[in-house]
Each structure stands twice: as C-alpha cells, then as structure tokens.
Amino acid sequence: MRKPLVAGNWKMNLLVADAVKLVKELKPLVQGISGVDIVVCPTFVTLYAVSEVLKGSNIELGGQNCYLKESGAFTAEISPQMLKDVGCTWTIVGHSERRQFFGEDDALLNEKLKFALASGLKVMFCIGETLDERQGGKMNDVLTRQVTKGLAGLSEADFDEVSVAYEPVWAIGTGVTASPDQAQEAHAFVRGLLKTQFGAAVADKVRIQYGGSVKADNAAELMAKPDVDGALVGGAALKADGFAAILKGAL
Ligand code: PEP
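Everything numeric in this text was worked out from a predicted model, so none of it was measured. (Residues numbered from 1 in each chain as written. Predicted model: local features only at pLDDT ≥ 70, side-chain atom pairs only at ≥ 80, totals over all residues. Heavy atoms only, no water.)

> Before we move on, could you go through the nonpolar core and cite the residues and values that matter?
In this structure, V6, V40, L151, F159, L194, Y210 and F243 are the most contacted members of the largest nonpolar core, which totals 67 residues. Core analysis: the second largest hydrophobic core is formed by 10 residues, C41, I92, M124 and L232 among them. (Core = buried A, V, L, I, M, F, W, Y, C linked by side-chain atoms within 4.5 Å. Buried < 20%, exposed > 50% of the residue type's maximum accessible area, 1.4 Å probe, protein only.)

See below:
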C-alpha cells in the first residue's frame, strides 16, 4: 500500500508575511494526520521563514526547483544543499512551467533529478502532456519520452525518494480537471512504463501524484483511483482550509 503524498506548489505567490500566515493556519488543521505525507513548496525567499513555523510539525518543506551544482558561479540558481540548509526535505523538478517558460528539457531535468537525489533530497518529478499533444493523439508518446529520458539512470532504491507527478498541462491552473478516469488511465500507463523500464518492484512502490486543478471537491474521487497516490496542488494550496480538505481527501 502506497502512502499518499499531497504537496502544495505555491508557485510565484505570497510575500513572507502571507506565507507565514498560511502555514500558521495550516498547522493546526493537519495536526495528528499521519496517513498522508504533507509537503508545502513556497518560493525560495520565503522558505526560511516558513521552515521556522513548520519546526516540529507533520508538514515537510520543499523547493519548487533546484540547480545541478552545489555552489559556484551560477547566478540566481539555488542548490539542493541550500534547500536542505533551510529545512527542505523535498524539491519539485520538471514542473511544466519550467519546461514551457524556461526551456528545461528532459536531459537537463534528468541531471537535476539525479543531483538532487545524490544531495539527499526527495524529488517530485513532473510530467504531462499539453492539450495539443493530447488532441493530436501524442499523449502516450510524450509520457513515454518524459519518463524514459527524465528518469534514466535511476536505481530501484532511488524510487523510495522519487514521486512522479502526472500533471496534464491543459489542467494546470485552468480549472479544467482531468476526470478520475482520465487520471487513472494516464497513471496506469505511466506505471506500466515504469514497470518496463525499472521492473515490477519499482512500479509497485512508486507514488504517482495527480496535478491539475485539484480542489477540495474533486480531490477525494481522484485519489480514490487505484493508481492515483496523492496530489500536487497549485492554486488550491494557497488557502489553508482548502488544502487541508484536499489532503483529508487522500485518507
Ligand atoms: C501545479 O502548480 O502544479 C498545479 C497543478 O496547479 P493548479 O492546481 O493550480 O492547477
């Protein structure tokens, strides 16, 4: 049985005071919940303040991205070591906005993933097709490419620290959620790819989160599907009560 993983990706939102307020509200709402792993991923500049509030809680902290070097002349980048230094145990790698707006490709993301893992972070690795790709019948090809290239070189043990987030780009921030059946179909396909590439043990244990307009009123039915092991939540993670309701839907 895979323990659900529900993470909030705050994207480029919330100033320090708002970020601190949000986690102060969230903490008591999720206190005592142990049946789901809970992660919040604030902006880099609010991580430290948020981590101070989260100390001793059941909410883990994650970065939204990180670079593939520990330190040096890489202006504006943030290393896994820096994320860990401010209390992160997780990072997102390969969010579609990084792929789409910042040109991050499969090869780069594979390097980032491997470096983050080697540095001791757990990784939510995002994949997903655009609307054009889905409508053009390319969904399976795109997912195959993203999984094959993006996860290349990982060991069976690495998958204790990696979750795959299936986030159809057409559902992110659009209010259009994949139906539970659409999500299940894609997740089962991805799990099949993982079985082919890494074997049954990996396919059985890896968590596959769904992301794309998850809200309190659709979370439970999405996560009730056998291959949907949690959620990666954007907009609805910016309100403590809504996010708490989503993760209770995972229980
Ligand atoms: C995301 O940011 O990964 C996401 C899924 O956003 P939203 O929930 O707002 O669609």
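From this point, the narrative continues.
> Kindly report on the site of the ligand, identifying the contributing residues and their values.
As a structural note, the neighbourhood of the ligand is formed by 14 residues, with K11, E167, G173, S213 and G234 the closest of them. Within the contact set of the ligand, an oxygen atom lies 2.9 Å away from a side-chain nitrogen or oxygen of K11. Here H95 contributes a side-chain N or O atom positioned 2.8 Å from an oxygen atom of the ligand. Surface burial for the ligand is 96%, taken as the share of its 300 Å² of free accessible area covered by protein chains. (Near = heavy atom within 4 Å. Polar contact = N/O pair within 3.5 Å; in protein donor to acceptor, adjacent residues only side chain to side chain. Areas by Shrake-Rupley, 256 points an atom, 1.4 Å probe, with all protein chains shown as cover.)

> If you had to explain the packing of helix α1 (residues 16-30) against helix α2 (residues 47-54) to someone new, which residues and values would you point to?
At a minimum axis separation of 9 Å, α1 and α2 run at an interaxial angle of 20 degrees. With respect to each other, α1 and α2 are oriented roughly parallel. At the point where α1 passes α2, the crossing takes the right-handed sense. Residue-level contacts link V16, A19, V20, V23, K24 and K27 of α1 to A49, V50, V53 and L54 of α2. Tallied by class, residues from the contact of α1 with α2 come to 8 nonpolar, no polar and 2 charged. (Axes fitted to C-alpha atoms, helices over the stretch in contact; angles between N-to-C directions. Helix = DSSP H or I, 4+ residues; strand = E, 2+ residues; numbered from the N terminus. Parallel < 35°, antiparallel > 145°, perpendicular 65-115°, else oblique. Left-handed = near helix turned anticlockwise from the far one by under 90°. Contact = heavy atoms within 4.5 Å. Nonpolar A, V, L, I, M, F, W, Y, C, P; charged D, E, K, R; others polar.)

> Can you lay out the side chain of S96 for me, pointing to particular residues and giving the numbers?
In this structure, S96 sits in helix α4 (residues 96-102). With residues up to four places along the chain from it excluded, the contact list for S96 reads V169 and I172.

> So what's going on with the layout of surface pockets? Which residues, and what values?
Its volume calculated, the largest pocket comes out at about 450 Å³. Considering the residues around the largest pocket, the lining is formed by 18 residues, among which K11, M12, Q64, R98 and F102 are closest to the centre. Top contributing element to the lining of the largest pocket by residue count: α4, with 4 residues. For the lining of the largest pocket, a count of residues per class yields 9 nonpolar, 5 polar and 4 charged. (1 Å grid on protein atoms, 1.4 Å probe; cavity = no way out; pocket = protein on both sides within 12 Å on 5 of 7 lines; lining within 4 Å. Points joined across faces, edges and corners; volume = space filled by probe spheres on them.)

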